[in-house]
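Spelled out from the first residue to the last, the chains are:
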Amino acid sequence: MARPPPLQELPPGYTPPARAASPQILAGSLKAPLWLRAYFQGLLFSLGCGIQRHCGKVLFLGLLAFGALALGLRVAIIETDLEQLWVEAGSRVSQELHYTREKLGDEAAYTSQMLIQTPRQEGENVLTPEALGLHLQAALTASKVQVSLYGKSWDLNKICYKSGIPLIENGMIERMIEKLFPCVILTPLDCFWEGAKLQGGSAYLPGRPDIQWTNLDPEQLLEELGPFASLEGFRELLDKAQVGQAYVGRPCLHPDDLHCPPSAPNHHGKQAPNVAQELSGGCHGFSHKFMHWQEELLLGGISRDPQGQLLRAEALQSTFLLMSPRQLYEHFRGDYQTHDIGWSEEQAGTVLQAWQRRFVQLAQEALPQNSSQQIHAFSSTTLDDILHAFSEVSAARVVGGYLLMLAYACVTMLRWDCAQSQGAVGLAGVLLVALAVASGLGLCSLLGIAFNAATTQVLPFLALGIGVDDIFLLAHAFTEAPPGTPLQERTGECLQRTGTSVALTSINHMVAFFMAALVPIPALRAFSLQAAIVVGCNFAAVMLVFPAVLSLDLHRRHCQRLDVLCCFSRPCSARVIQILPRELGDGTGPVGIAHLTATVQAFTRCEASSQHVVTILPPRARLVPPPSDPLGSELFSPGGSTRDLLGQEEGTRQKATCSSLPCARWSLAHFARYQFAPWLLQAHSKAMVLVLFGALLGLSLYGATLVQDGLALTDVVPRGTKEHAFLSAQLRYFSLYEVALVTQGGFDYAHSQRALFDLHQRFSSLKAVLPRPATQAPRTWLHYYRNWLQGIQAAFDQDWASGRISHLSYRNGSEDGALAYKLLIQTGDAQEPLDFSQLTTRKLVDKEGLIPPELFYVGLTMWVSSDPLGLAASQANFYPPPPEWLHDKYDTTGENLRIPAAQPLEFAQFPFLLHGLQKTADFVEAIEGARAACAEAGRAGVRAYPSGSPFLFWEQYLGLRRYFLLAICILLVCTFLVCALLLLNPWTAGLIVVQMYKESPEVLRPPAPQEGGLRWGLSPTLPQSFARVTTSVTVALHPPPLPGAYIHPASDEPPWSPVATPAASAPSNLSSRGPCPATG
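Criteria and thresholds
- Residues numbered from 1 in each chain as written.
- Predicted model: local features only at pLDDT ≥ 70, side-chain atom pairs only at ≥ 80, totals over all residues.
- Heavy atoms only, no water.
- Salt bridge = Lys/Arg side-chain N within 4 Å of Asp/Glu carboxyl O.
- Helix = DSSP H or I, 4+ residues; strand = E, 2+ residues; numbered from the N terminus.
- Buried < 20%, exposed > 50% of the residue type's maximum accessible area, 1.4 Å probe, protein only.
- UniProt positions renumbered as here; feature names shortened; annotations may be inferred.
- Disulfide = S-S within 2.5 Å.
- Contact = heavy atoms within 4.5 Å.
- Phe/Tyr/Trp six-rings, centres within 6.5 Å; stacked < 30°, edge-to-face > 60°.
- pLDDT = per-residue confidence, 0-100.
- Expected span 1.5 Å × (residues − 1).
- Lys, Arg positive; Asp, Glu negative; His and termini not counted.

### Notes on the pattern of salt bridges
- For the coordinates displayed, the defined rule picks out 17 salt bridges.
- Across the pair E314 and R732 runs a salt bridge, and its minimum N-O distance is 4.0 Å. Residue E314 is found in the loop between β9 (310-312) and β10 (315-323), and its partner R732 is found in helix α26 (residues 722-733); the two are separated by 418 residues along the sequence.
- You can call E314 buried: its relative accessible area is 15%.
- A relative accessible area of 48% means that R732 is categorised as partly exposed.
- With a closest N to O distance of 3.0 Å, E330 and R333 form a salt bridge.
- Here E330 falls in the partly exposed class, since its relative accessible area comes to 38%.
- Among the charged side chains, a salt-bridge network with shared partners connects R92, E96, R931 and E955.

See the structure below:
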């Protein structure tokens, strides 16, 4: 609050008037809060005075401490792993991920690279030979990608994922199959012969051209090789997989192609196929039984006729599957191609990443710019690159933003008057905030809080805005010190007036960020903690170090040095002299508050002999009654400033002289003070404001219920990029997610088959699960296992009935019959493992469709070794993996009859496809249904959990609103407590909480003074050739006569050591000299 000058500076005989008692203190109930508020402000005052006395030391130690913390950025860790960013440590999903990694390792089975084709003209049909031809062109270009690393060439056939490669005894056939076995590529081109062009494998046989899938007829090849090798088992394997003629038996997309095989249905007629008809129901890989690609995986924007027949589509999709780094490393470990390069898993990952980047680049450039179609390519490496790019600190953006803030602070705080200019303070303040942000982030690094994209892209600018706001507040308050403030108390007065506001906002910001850390998403939690720590460092810098900067700038202003260029001093300077009025004529004055304005003629000149300014002030004053202004008293409140008073007085003068031009005196401050504020204080205005606030609050609460959860990846990727185009097309046309239902250990699979079937049925009935076509077998290993057992049982029954198999021999029977023979005699007893009497008394699958428990794990070993295509199609991922066992029909030692039993399963999974998931609510509904199905299975003794990206990234939304509500409630309570503690007014704290962080007033303003004060007005007859100096002072009047005029330090430019200078009582001119201190 503004104080009169110290007593020793006043003329003799002057007694300071006693302050009128505040109505709040007189009330008694608020005496303690006001005393505590005064005590807190006293602490801030002492802090400011201490900083000013040791400003150099404080500045040095502060910069040293913040600089040391900023060095912690050297150990900063930037986290880009989506799982680490999104999955809370110790959560249910985290525990499930840990279990999966413990059993299967860190890597997934494969990685996906996708091509999406859409027409440039929206809504155009892509089910035409021309559109499929362009898709073939792009997919073929992508499939021919080669990269050279470590002195080797890597193509698709070397790194692609191949499922179910069978084990063949014949070495020549095994090597040929290994070279020819196709990559897993899910593409609409597989409905046509052209799908074979994407497969790059080839083999050589003497007397034949190179064998490729474009000319390979497996049935014909087996006929040719039959006389030279025993391929009966391999033939049965192909028959079970329904390979047939593979690609050469499918229609040609372009029948006029010279390489179109004669076996193609449309080869001779040269008629273009009906694309919609061929794609109806999906396509198949080389195996019709195990490789079926559903329509939803290949086509987007599908339209059908009333009968359900496919008519048109707006998008095509092809997916290339690659091995994981672990699989690629294992595949080539010990191979002659990699023995000389020190082959490692890290190198395998580098090869895959390089191939994927080249794949995306060539696929996007495959079609010309004037093509009617456009290709969008994406890979898992592309997503990683996006996260890495967003997580890296953009030095150009950060430096550019801070330079703009430096320029803004310098320009806005510069003044022509060096005594009022604070450009250097603005520059130092922004640089101090930058150092505080760096130190806060360094402290976060030392505490082990990992950085992420939000930290590097958002937090530096957010912290800059919060810190600079407090810098501006303190700098402005420092220049607006009340009249009569001693120089040694300027910094203390500044902190006393604004420290509470700065502390209130900073503490509330920290509490808000700390409460946001309750959200169970690691990326948001790390950002919240980092923001809270950075705000705390900003608060320490603003309250401790920046006042030292202000104190040093005060010394610069006292020495009359230029702003920014503080090594130079201005040639002439002047002191502003404030004058108290002389005694009134009758020696008495009214009790209350008087507004005294002295208007004098002043002549100012600079002496040539010395750098002094001489100002002659002849007194010419008159008394003017104060206008009845209900707000005028607040102009002279302790929270005001000399600049405000001068501006208000100047406005009054303009009002008197330019009343004919009201637009000339209008300003936003004038409108707020004289029009808006009086209107707001009226009773009906208050009622209207309350009604509007209530309506707005109700509307906000209603709008909060309409807020949707979720953050789409398209909101993260920059618009206009190729990645954003792909993600938008995928979200629109192919909202499919591959998930799995994982069954754990801890229960007996052999005796829980019925519960497993029920779990699968319950999960399949979920709305989001894509139903399988009626002609396709369910995609679960237990179904494939049971169906295989039923198949070999049927073969055995047929061989037994025909006499090809007996109790003593199975060699004349079929391969499947022999397998069933070996399995039926198993007892599961280690002492007596075989019992031939069981051949006709038991079945491999009982009438209820269950496998006998004693045969379950023995049969599992046989199925895994004998049906690799079925195992690959089931995607079971058994752990522990069943042992390898090779069936030898012609073994005569009897050792082949002993089949090792698989160990009890601890991990298996059922794959599913989820579709129709567009909004977060769809994901939440699917997750809740899956969790309910697993909980129901748990009550039946089966331990299971769902796995996949929807459960990984959307599981947090199940309890997000609950955590958000908890954080908001705790935040409001903490905000109330902080405001009540600092403001010591529960009602004010309550209003702040209700209005959500409304800025509290900086200064508690006293009540308006009573009417009856006096104001000294302007003389309208002042000559224009003289300078006009107006000084306004507010004093408390008592019945004793007022003292004479006296000189005290001006509020804007005080000397270092204020010395009282009594005013001359003679009516002669007043003269004062302002020294110009030497610089140095």
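### Comments concerning the UniProt feature "transmembrane region" (unreviewed entry) in the protein chain
- Taken from the UniProt record, the annotation "transmembrane region" (unreviewed entry) applies to residues 395-414, 426-451, 457-478, 499-521, 527-552, 687-707 and 963-984.
- Helix makes up 95% of residues 457-478 and strand 0%, whereas the separation of the span's terminal C-alpha atoms amounts to 33 Å.
- The annotated region residues 527-552 carries 100% helix and 0% strand content, and the separation between its end C-alpha atoms amounts to 36 Å.

### Section: the state of the cysteines
- According to the stated counting rule, one finds three disulfides in the structure shown.
- Each sulfur of the disulfide joining C160 and C183 lies 1.9 Å from the other. Across the S-S bond linking C160 and C183, the dihedral sits near -70 degrees, which makes this disulfide left-handed. Of this pair, C160 sits in the loop between α7 (156-159) and α8 (171-180) while C183 sits in the loop between α8 and β4 (185-186), and the two are 23 residues apart along the sequence. Here C160 matches C183 in class, with each residue buried.
- At a sulfur-sulfur separation of 1.7 Å, the disulfide partner of C191 is C283. On the sign convention where negative is left-handed, the bridge of C191 and C283, at about -105 degrees about the S-S bond, is left-handed. Highlighted residues: C191 in the loop between β4 and α9 (218-225) and C283 in strand β5 (residues 283-284), separated in sequence by 92 residues.
- The connectivity of the disulfide bonds within the protein chain can be written as 1-2, 3-6, 4-5, using the sequence rank of each bonded cysteine.
- Free of any disulfide, C537 has its nearest neighbouring cysteine sulfur in C444, separated by 7.5 Å.
- The class for C537 is buried, based on a relative accessible area of 8%.

### Observations concerning the side chain of T456
- For T456, the position within the fold is in helix α18 (residues 453-457).
- What makes T456 buried here is its relative accessible area of 4%.
- Excluding its chain neighbours within four sequence positions, the residues that come into contact with T456 are F390, S391, E392 and V393.

### Concerning the packing of aromatic side chains
- Under the criterion given, the structure shown has 30 aromatic pairs.
- On the numbers, 5.6 Å between centres and 45 degrees between planes, the contact of W213 with F286 is tilted. Highlighted residues: W213 in the loop between β4 and α9 and F286 in the loop between β5 and β6 (292-293), separated in sequence by 73 residues. The residues W213 and F286 share a single accessibility class, namely buried.

### Quick notes on the confidence of the model for the protein chain
- Overall, the prediction assigns the protein chain a mean pLDDT of 75, with 74% of residues at 70 or greater.
- Every residue in residues 1-29 is under pLDDT 50, and counting partners more than four places away or in other chains gives 37 contacts.
- A low-confidence stretch, residues 617-661 (pLDDT under 50), is modelled with 91 contacts involving residues beyond four sequence positions or located in other chains.

### Some points on helix α28 (residues 781-802)
- End to end, α28 covers 32 Å across 22 residues, agreeing with the expected 32 Å (1.5 Å per residue, within 8%).
- Just beyond α28, the residue with positive phi is G803, at close to 85 degrees.

### A word on the side chain of D867
- Tracing the backbone through its elements, the reader meets D867 in the loop between α30 (853-866) and α31 (868-874).
- Among buried Asp, Glu, Lys and Arg side chains, D867 stands out as unpaired, with K289 the closest opposite charge at 6.1 Å.

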